[in-house]
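# Secondary and tertiary structure notes
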Amino acid sequence: RAARSTGLGNRRDAAELRRFVRPRASGRRGPVHADRDGAGLSTIAVVGNLAVDRVAGAEPRAGGGVYWAARAAAHVGADAAVATRCAPQDRETALAPLEALGLPVVCGDASRTTRFSFHYEGDHRVMTVDAVGDAWAPADVGGWAASALADAEWVQVAGLLETPKVPANSYG
């Protein structure tokens, strides 16, 4: 049997992914799905900084891997929670759209939010890093972000930029 392409844009992708995610808890929006054996799959925690994106000079909007991963999880009805952070002055732009997805979100305060500007030159995308947000530390994982991580069996770390590494054994 030939392997299927993992190409993006296949209209069946969302329906296929729904078979592999555990349904959200009762009372939350979204369909109920189970795996082939009838058992729900893992709770997902999405962790990372929000970003504020400005595309081709348009109004700033929510961005970053944590936002887009949460959007995908909400779309397929995944049992997911989000731990993120942004600067207080960026909460309306970056955090409000994330919270509107209906997933549980905990948000820590950052001294600044990562900001990107994008524009296109023909088919070529040009990206500029306008601001770098705060790096995560072990205290964040065990502190303000702990409630989003508590029931997670899978964690997606949605990093934005490379920052100095913290030794793995620092996380306990």
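What you see as residue numbers is a count from 1 along each chain, following the sequence as written. Reporting of local features is limited, given that this is a predicted model, to residues whose pLDDT is at least 70; pairs of side-chain atoms are given and counted only at 80 or more, and all residues count toward the totals for whole chains, interfaces and linings. To obtain the side-chain values, all non-hydrogen atoms of the structure were used and water was disregarded.

## With respect to helix H2 (residues 65-76)
- In DSSP terms, a helix is any run of H or I states spanning at least four residues, a strand is any run of E spanning at least two, and both are numbered starting from the N terminus. Expected helix span is computed as 1.5 Å times (number of residues minus one). Here H2 contains twelve residues, and its C-alpha end-to-end distance of 17 Å stays within 8% of the 16 Å for a straight helix at 1.5 Å per residue.
- Among the residues of H2, Val66, Tyr67, Ala69, Ala70, Ala73, Ala74 and Val76 are the ones counted as buried. Exposed residues in this analysis have more than 50% of their type's maximum accessible area, buried residues have under 20%, and partly exposed residues fall in between, with area computed by a 1.4 Å probe over protein chains only.

## Digging into the side chain of Thr113
- The topology assignment puts Thr113 in the loop between strand S5 (105-109) and strand S6 (114-121).
- Since its relative accessible area comes to 2%, Thr113 is described here as buried.
- Here Asp90 takes part through its side chain, which lies 2.8 Å from a polar atom of the side chain of Thr113.
- Note on contacts: a residue pair qualifies if any of its non-hydrogen atoms lie within 4.5 Å across the two residues. Excluding residues within four positions of it along the chain, Thr113 makes contact with Leu50, Ala51, Val52, Cys86, Ala87, Asp90, Ala131 and Gly133. In the analysis that follows, any N or O atom pair within 3.5 Å is treated as a polar contact, provided that within protein one partner can donate a hydrogen and the other can accept it, and provided that, for residues neighboring in sequence, both atoms belong to side chains.

## Notes on the sheet that holds strand S4 (residues 80-86)
- Ordered by their spatial adjacency, four strands build an open sheet running S5-S4-S1-S8, and the pairing between neighbours is parallel. Of all the strands in the sheet, the pair left with one neighbour each is S5 and strand S8 (154-157). Strand-to-strand, the axes of this sheet are offset by a mean angle of 15°, without reference to chain direction.
- By this definition, two strands are paired if DSSP reports at least two bridges between them. With five bridges joining them, S4 and S5 adopt parallel strand pairing. Note that in S5 the partner of Ala83 across the bridge is Val106. To obtain an axis, a line is fitted to C-alpha atoms, over the contacting stretch when the element is a helix, and the angle between two such axes runs from 0 to 180 degrees between their N-to-C directions.

## Some points on the packing of aromatic side chains
- Any two rings among Phe, Tyr and Trp, with Trp reduced to its six-membered ring, count as a pair given centres within 6.5 Å; such a pair is stacked if its planes are under 30 degrees apart, edge-to-face if over 60, and tilted if neither. Applying the stated criterion across every chain, the model contains three aromatic pairs.
- With centroids separated by 5.1 Å and ring planes inclined at 45°, the aromatic side chains of Trp136 and Trp144 adopt a geometry described as tilted.
- Judged by relative accessible area, Trp136 falls into the buried class, the value being 18%.
- A ring is considered to have a charge above it if a Lys NZ or an Arg CZ atom is located within 6 Å of its centre and within 35 degrees of its normal. Above the ring of Trp136, the side-chain terminus of Arg85 is found at 5.0 Å from the ring centroid.

## Some points on the nonpolar core
- Formed by 21 residues in total, the largest nonpolar core has its most connected members in Leu50, Val82, Leu98 and Leu103.
- Contributions of two or more residues to this core are made by H2, S4 and helix H3 (91-99).
- The element that contributes the greatest number of residues to this core is H2, accounting for seven residues.
- Not counting residues within four places of it along the chain, the set of residues in contact with Leu50 comprises Gly63, Val66, Tyr67, Thr84, Arg85, Cys86, Ala94, Leu95, Leu98, Thr113, Thr114 and Leu160.
- For our purposes a nonpolar core is just a set of buried Ala, Val, Leu, Ile, Met, Phe, Trp, Tyr and Cys residues, chained together by side-chain atoms within 4.5 Å. In terms of nonpolar packing, the next biggest core, distinct from the first, is built from eight residues, Ala45, Val47, Ala83 and Trp136 among them.

## Regarding the confidence of the model for the chain
- For the chain, the average pLDDT comes to 80, and 70% of its residues sit at 70 or higher.
- Low pLDDT, under 50, characterises residues 26-41; the predicted model gives this stretch 30 contacts beyond four residues in sequence or across chains. Scored from 0 to 100, pLDDT reflects the predictor's confidence in each residue.

## Looking at the pairing of strand S1 (residues 44-49)
- S1 sits mainly inside the fold: five of its six residues count as buried.
- Examined bridge by bridge, S1 and S4 share six bridges and lie parallel to one another. In the strand pairing of S4, Gly48 is matched with Thr84.
- Where S1 and S8 come together, four bridges link them in parallel fashion.

## What to know about the state of the cysteines
- For this text, the term disulfide refers to a pair of cysteine sulfurs within 2.5 Å. Throughout the structure, instances matching the rule amount to zero disulfides.
- The closest cysteine sulfur to the non-disulfide-bonded Cys86 is located on Cys107, 4.2 Å from its own sulfur.
- Using a relative accessible area of 0% as the deciding quantity, one classes Cys86 as buried.

## A short note on the environment of Leu103
- Structurally, Leu103 is set in the loop between H3 and S5.
- Taking C-alpha positions, Leu103 is 6.8 Å from Ala74, a pair spaced 29 residues apart along the chain.

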